[in-house]
Amino acid sequence: TNAFAKAEIFDEGLFSYMAKVALEVPVRESDSQNVAVIINAYAKADMLEGEPATAALMDKLALDIPRLSPDLTNAQAIGNIVNGYARYIQALHRPLRLTKTDRAVYCSMARLALGLNASDFDVQSLTLLAHAFARIYVPDKGDDDEDAREKEEEEALYSALFTH
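Procedures and definitions
- Residues numbered from 1 in each chain as written.
- Predicted model: local features only at pLDDT ≥ 70, side-chain atom pairs only at ≥ 80, totals over all residues.
- Heavy atoms only, no water.
- Phe/Tyr/Trp six-rings, centres within 6.5 Å; stacked < 30°, edge-to-face > 60°.
- Helix = DSSP H or I, 4+ residues; strand = E, 2+ residues; numbered from the N terminus.
- Buried < 20%, exposed > 50% of the residue type's maximum accessible area, 1.4 Å probe, protein only.

**Thoughts on the packing of aromatic side chains**
Argument step 1. What the rule picks out here adds up to three aromatic pairs.
Argument step 2. On the numbers, 5.3 Å between centres and 85 degrees between planes, the contact of F15 with Y42 is edge-to-face. Pair noted here: F15 is in helix α2 (residues 12–24) and Y42 is in helix α3 (residues 32–45), with a separation of 27 residues, a long-range link. Considered together, F15 and Y42 belong to a single accessibility category, that of buried residues.
Argument step 3. With a centroid separation of 5.6 Å and an interplanar angle of 85 degrees, the aromatic rings of Y85 and Y106 are classed as edge-to-face. With Y85 in helix α5 (residues 75–91) and Y106 in helix α6 (residues 100–114), this pair connects stretches of sequence that are 21 residues apart.
Argument step 4. A residue is classified by how much of its surface remains accessible, and Y85, at 2% relative accessible area, is buried.
Argument step 5. Each residue in the set Y85, Y88 and Y106 is aromatic and connected to the rest through ring pairs, giving one cluster.

This is the structure in structure tokens:
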């Protein structure tokens, strides 16, 4: 599907079928680059609304992302996942407010990035990560979100990521 998305060939039947297949494939802790490619392909295709298999796939990936291993990933894959997930949220035309699942995805990705050594980064991966995390809307403490502790942890992770 990524090759089709890059070529801007968005065959709804193909993307729907591939989403159904991908739902059956387990995501291993080493699959960070694969997860990034899938999320970006479906976000680019902009076929997320009203497509149950695609929505189910994105929900599954959101639950699988926290299981990715910091020892088996790299800064570019993390940035690609965050960037793709931000595109996914924008494609859904969600209001600029993160759900609990969205926050869990972003916090997991921030933790993975913080688990990398400084030597694991190059200029491209650092730029990608900074751009990807900058796309995320983080509600400030004045919002009426009921879980202030999660917000504080999220803000601390982002702060640590950019001062790491």
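Continuing now.
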